[in-house]
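Now for the letters of each chain:
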Amino acid sequence: MASHRQRRLLAFSGAVVMALTVAACGGGESDNTSEGKLDTPECAAYKDYTGISGETVTIYSPIRDAEAGLLEDAWKTFADCTGVKIEYEGSGEFEAQLKVRVEGGDAPDLAFIPQPGLLEFFAKGGKLKAAGEKTKAMATQNFSPDWLKYGTVNGSLYGAPLGANVKSFVWYSPSLFKEKGWKVPTTWDEMIKLSDTMVAANLKPWCAGIGSQDATGWPATDWIEDVLLREQGPDVYDQWVTHAIPFNDPRIVSATDRVGSILKNEKYVNGGIGGVKSIATTTFQDGGLPVVQKKCGMHRQASFYANQWPKGTKVAEDGDAFAFYLPAIDPAKGKPVLGGGEFVGAFTDTPAVQAVQTYLASPDFANSRAKLNNWISANKGLDVANVSNPIDKVAVGILQDSGAVFRFDGSDLMPAAVGANSFWKGMTNWINGTDTKATLDFIEGTWPK
Amino acid sequence: MSTGTETIVAAPDAEVPPTVGGRVRKKLTSRTASAVSLVIALLWTVPTIGVLVSSIRPENEIKSNGWWNFFANPQFTLENYEQVLFGSRSASGGLAGYFINSLVITIPSVLFPLAFCALAAYALAWTRFRGRDWVYIGIFALQIVPLQMALIPLLSFFNYGVSLGGVQLLPAWDLDGPAKFITVWFAHTCFALPLGIFLLHNFMAELPGDLVEAAKVDGASHSKIFRSVVLPLIVPALASFAIFQFLWVWNDLLVALIFAGGPKNAPLTVRLAELAGNRGNEWQRLTAAAFVSIIVPLTVFLSLQRYFVRGLLAGSVKG
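Asks: It is not clear to me how the pairing of strand S3 (residues 110–113) of chain A should be interpreted in this structure. Could you clarify?
Replies: Along any regular strand the residues' side chains alternate between the sheet's two faces. All names here are of chain A. Because side chains alternate across S3, one face comprises the buried residues Leu110 and Phe112, and the other comprises Ala111 and Ile113, equally buried. Looking at chain direction, strand S1 (residues 56–61) and S3 are connected through two bridges and run parallel. Residue pairing across strands places Ile59 opposite Leu110, the latter belonging to S3. Both S3 and strand S10 (residues 335–346) contribute to a ladder of four bridges, which runs antiparallel. When the bridges of S10 are listed, Ala111 appears paired with Gly345.

Structure representation (structure tokens):
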């Protein structure tokens, strides 16, 4: 009796499997072998990309969800015109997964790598292919040497820059500033003076959150990098990143202490959230929200923080939230910009892959993507008029400013043992009360010999 | 074990039930025990209720205050579910398609190990050959190998094949598109074998030897004994292992990420991990998505839980 029922159960599950297999096989997408429409007038811009029709190029990247959809929209015309098929995959586990896939022989054709250190790792391991002549020409034409430097390993270009973000921003509430008659500071001293004014007005001037699951601490490392770049200039910054000077060098100590005079100052933080230690327990997504609630004066975070504001927040110069450029400490040292971005590295070098890689470095792609909102690039061919977001307009302005000194986020350049591990942990402990010297000594000790 | 407990609990009480099991059962059916277990059950359910309540609240509410505020200020929306289930392409959900992928991955990944483990366990328990115990110990020991260690070797086994000193012993599999599901099934089956064989072997070895002997005397072959005698008797064990394996595969993210190869074959878990958006700014969708993905395992567990409990007990508290 029991076995009867079981047999029926088995038969049922068998039938389910069959049905699903049939469904899975039958569900194959209709194969549209478009031969490419390069002759048509709307495809005139792509007439150089010939002979790649019908090829498939796979892309692996950390960009996912809505922003991934916008990327696919951006290259859709290109793909339709040339007939190339772009298979895009975004993953939150990108950094770890890419290594596994490359080791296991399952590397994608192209990868959008946001860490120059990772790019260098694959290039030195002989896994990445150097960019082809056309890609190189396109990249050199459109990006500044500051940017190309980060995609270059041993003198040859491996990755052309793609998107960019600017980290040297301080978010504030324009309506609160207007209400109180405060002005956006243009020098570091003005900014500190404004902080004191806010304290006098019974408002905590700064708020921050460095929580980010296993990457907790990164927003604090950005603070240190931004201040070091301003206090000591780009040369010291480069030496620090490459470990030509030790991590606990007195100049780094001084920059860290300057950050501490804000982040570890009970009078200054943590507006709308709690005391100094609440910085470590607040996620970076929530860290700046008190700004729009007018419980906190300023929040230093990258341009991408624009996406974090609650729905209905007007992000504009006369709105609920906006950002100003984190001012220079010593104007004589130029206008330092801390930022990040992705680089398009190729693991195969077929003509189709190189064509897509070249296209992604072109102003045509940059403008096409920028028109769809929420994206900027350091591409010199990017027309500011195509950028609709006010904060992105400011960011593009900063990136294209000839006086700007661009430096990549240092923790992405350092060896992973420091940049993606001890630096984060050290800064978290530092917020929690460890003194500057002990923190920097600890990080110095973890630098791979 | 049983003798030890007996000496401890054997108090000079007139109404002591004859066995330890009886005593334990009596203790557990008392009113206090029921009340305590009720409280525990409630406590365990609270987070799940929180997720459910959260999933029907509007985005701004989710992001600005805790789910318990729902009861003071009820605002109801199905927008999260709508986004998660039917949202277009990369942007927001489209979970419906991934749901099918999850089933396509999970069902074979449960049936294959079930079949292999049952056969292997039978062979190890009821056939005699030299080195049988060593083979069993070897399989048992394989359980301590963490699956993370096998990821890269297995992946390169699929993509490069096996070569030794420049001689290609096995070719690369060269699978593409939907065929990549095969690699996922293969991987899950491999990783399930040691535990499955161990569980089923223990269960089978406890079957009374007389049964098998009698069948042999009647002239039954091994395949006949396996089908007609052993298989009907181990159904509870099979069911509990099937539930284990089902939940494990359904909830698996790592194996699917590495072997499924691309968004077209990805199961629910992979999609779930991406739903929060690039910088975690869309996390209001997660509760709704979690509820969508929880439905199937919940149904499986509830409909098979009878076997589950019986199978677990049958393996452990015999005699």
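Structure shown, so let's carry the discussion forward.
Asks: Sorry if this is basic, but what is going on with the pairing of strand S11 (residues 404–408) of chain A here?
Replies: All names here are of chain A. Here S11 lies mainly inside the structure; four of its five residues are buried. Direction of pairing for S10 relative to S11: parallel, over a ladder of five bridges. Its bridge partner lying in S11, Lys335 is registered against Ala404.

Asks: Is there a simple way to explain the domain arrangement of chain B in this structure?
Replies: Frequently, the measure chosen for interface size is the accessible area that the parts lose on association. Residue and element names in this part refer to chain B. When its domains are assigned, chain B resolves into domain 1 (1–77) and domain 2 (84–316). Listed as interface residues are seven residues of domain 1 and, on the opposing side, five residues of domain 2. Listing elements by their share of the side of domain 1 that touches domain 2, those giving two or more residues are helix H3 (31–55) and helix H4 (59–64). When residues of the side of domain 1 that touches domain 2 are assigned to their parent elements, the largest contribution, four residues, is made by H3. Split by residue class, the side of domain 1 that touches domain 2 holds three nonpolar, two polar and two charged.

Asks: Any chance you could explain the packing of helix H11 (residues 250–263) of chain A against helix H18 (residues 436–445) of chain A here in plain terms?
Replies: Helix-helix packing is characterised by the crossing angle of the two axes and by the distance between the axes. Residue and element names in this part refer to chain A. Packing of H11 against H18 leaves a shortest axis separation of 10 Å and a crossing angle of 130 degrees. Here H18 runs oblique to H11, going by the angle between their axes. The crossing of H11 and H18 is right-handed. Contacts from Ile252, Val253, Thr256, Asp257 and Gly260 in H11 reach Thr436, Lys437 and Leu440 in H18. Tallied by class, residues from the contact of H11 with H18 come to three nonpolar, three polar and two charged.

Reading the values: the criteria
- Each residue is numbered by its place in its chain's sequence as written, counting from 1.
- Here every chain gets a letter starting at A, and every ligand a number starting at 1, in the order they are written.
- With pLDDT at 70 or above as the cut-off, local features in this predicted model cover only qualifying residues; side-chain atom pairs require 80 or more to be listed or tallied, and sums for whole chains, interfaces and linings still use all residues.
- In this scheme every C-beta is placed from the backbone, and a residue whose C-beta has 20 or more other C-beta atoms within 10 Å is buried, one with 12 or fewer is exposed, and one in between is partly exposed.
- Helix and strand definitions here come from DSSP, where helices need a minimum of 4 consecutive H or I residues and strands a minimum of 2 consecutive E residues; each element is numbered from the N-terminal end.
- When DSSP finds two or more bridges between two strands, those strands count as paired.
- Residue ranges for the domains originate in an automatic or database domain assignment.
- The contact criterion used is a C-beta to C-beta distance within 7 Å, with each C-beta placed from the backbone.
- Throughout this entry, Asp, Glu, Lys and Arg are counted as charged residues, while Ala, Val, Leu, Ile, Met, Phe, Trp, Tyr, Cys and Pro are counted as nonpolar. The remaining residues, Gly among them, count as polar.
- What counts as an axis is a line fitted to C-alpha atoms, over the stretch in contact for a helix, and the angles between N-to-C directions run from 0 to 180 degrees.
- Throughout, the term roughly parallel applies to angles under 35 degrees, roughly antiparallel to angles over 145, roughly perpendicular to angles from 65 to 115, and oblique to all others.
- Left-handed is the label given to a crossing in which the near helix is rotated counterclockwise from the far helix by less than a right angle, and right-handed is the label when the rotation is clockwise.

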